[in-house]
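Inside the fold
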Amino acid sequence: MNETIEQILSDIATVGNMRAIPEADMASGIDFSSNDYLGLAARTDLRDGFFATLRPDDIQMSASASRLLAGRQSAFTAFERCLKEAYAGRDALLFNSGYHANTGITSAFAGSDYYILADKLVHASIIDGIRLSGLPFARFRHNDFGHLARLAEKTSRDGYKLIIIAESVYSMDGDRADIDALAEIKRRYQDSILYIDEAHAVGVEGPGGLGMCMASSSYDDIDIIVGTLGKALASTGAYAMLKSPLRSFMVNKARSLIFSTALPPLCVKWSQYIFEKCLGMEAEREQLRRLSQILADELLTIGAKGYVSHIQGVICGTPQRAVQLSHKLAEEGFTVLPIRTPTVPPGTDRLRLSLSANITPAQISSLGSALRKLYEING
């Protein structure tokens, strides 16, 4: 066994894809790799305000059981009611993470007569959930709704019901899905389900930062919305907003919910506190939009054409070059981590740049200067 494992590790290292967990905090510098899009994670005013609301009995550090068995449910039910009100009466269900939500929700349909059609670039957690479900599936070309429509027509003729899965903001390129186009295809097929992962949109996009689905005229056509709490909202966990009776279905079928110890109630209270604050953070969202344009303009100077988004990329082409450029930028005082295969398709290894509202235009300009210097040196 050891020889087999050592050979696998050797193969990973040979192509430049060896990963390791840092043993200490990242070196100080300007962080362009965090998903702290609104800059809330380091805000001591929010932290202090939250702790000022607590009584001693509120500081519960463990749920000690799954949601189905936990003795104390008040923090969970309060936050789920808050989410339901924000999302126009849609049922809410908390999960331990975005990964738990996507694997649990997708695999919950195991044994049904559904056929899954997923965008080629959906997150690995969705792909893992599809595999766990055992359902037949196909992946349509990224944001190619004509391709999706053709696949939907064929699978429907074969007698299947459809689950269409996409993301609203994609995590590697920062590009957006056309929610209305997805909904229009979904409406053609009776009993079909439209499932949108809003992990990188929550906090940033839509009214109150509630995501692109809430901003869409097709909101009522979307059956499942997944939002994360560990990115723009500076907490931990995730939530699903579900059309009835899907919440009850997930409580009975989503194994990642049924068999996982629930989040600490204290973390859930923090999530509700920060979620309610985030609803009014239009200044932070507007700042993020301004910074996105500045970054896009800087990247154009090295020929990196992408989307004006809080997530942008510099395609390097090989894992080795992505790692090399990341190390060089670290020497210049910037944390920009490399993203390599299999996270992205072969040949699209990259530097992934993610913005935070607390980054300044001057810091983005400095990053642009560092990138131009590296590109002049390395060609």
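A few points on the structure.

About the thresholds
- Residues numbered from 1 in each chain as written.
- Predicted model: local features only at pLDDT ≥ 70, side-chain atom pairs only at ≥ 80, totals over all residues.
- Heavy atoms only, no water.
- Helix = DSSP H or I, 4+ residues; strand = E, 2+ residues; numbered from the N terminus.
- Buried < 20%, exposed > 50% of the residue type's maximum accessible area, 1.4 Å probe, protein only.
- Contact = heavy atoms within 4.5 Å.
- Pairing = 2+ DSSP bridges.
- Right-handed = clockwise from strand over helix to strand, strands pointing away.
- Axes fitted to C-alpha atoms, helices over the stretch in contact; angles between N-to-C directions.

A few points about the side chain of Ser171
Tracing the sequence through the fold places Ser171 in the loop between β5 (161-167) and α7 (179-187). We classify Ser171 as buried; its relative accessible area is 12%. Those residues in contact with Ser171 that lie beyond four places of it in its chain are His200, Ile311 and Arg352.

A look at the pairing of strand β6 (residues 193-197)
Successive residues of a regular strand alternate their side chains across the two faces of the sheet. The buried count for β6 comes to five of five residues, which makes it a mostly enclosed element. Going residue by residue along β6, you find Ile193, Tyr195 and Asp197 tucked away on one face and Leu194 and Ile196 tucked away on the opposite face as well. Sheet analysis places β5 next to β6, joined by five bridges and oriented parallel. Across the sheet, the residue bridging to Glu167 is Asp197, located in β6. Assessed by its sense of winding, the connection that carries the chain from β5 through α7 to β6 is right-handed. Summarising the sheet, β6 and strand β7 (residues 224-228) pair through three bridges and their orientation is parallel. Looking at β7, one finds that Tyr195 is bridged to Ile224.

Side note on unusual backbone geometry
Each neighbour pair has its own omega, and for Ser244 with Pro245 the value is 5°, a cis peptide bond. Examined against the element boundaries, Pro245 turns out to sit in the loop between β8 (238-242) and α9 (246-253). Omega for the bond connecting Thr341 with Pro342 falls within 30 degrees of zero, at 10°, which places this linkage in the cis form. Position of Pro342 among the secondary structure elements: in the loop between β11 (338-339) and β12 (350-354). Phi angles above zero are rare outside glycine, and Ala88 is one such case at about 60°. One non-glycine residue with positive phi stands out, namely Asp191, at about 65°. Mapped onto the elements, Asp191 comes out in the loop between α7 and β6.

Details of the sheet that holds β7
The mixed open sheet is built from seven strands, whose spatial order is β2-β8-β7-β6-β5-β3-β4. Each edge of the sheet is formed by a strand with only one pairing partner; in this case those strands are β2 (91-95) and β4 (137-140). Ignoring strand direction, the axes of neighbouring strands in this sheet form an average angle of 20°. Across the face of the sheet, helix α5 (residues 124-133) comes into contact with β3 (114-119), β4, β5 and β6 while running at roughly 160° to β3. Against the sheet, α7 makes contact with β4, β5 and β6, and its axis sits at roughly 160° relative to β6, the strand it touches most.

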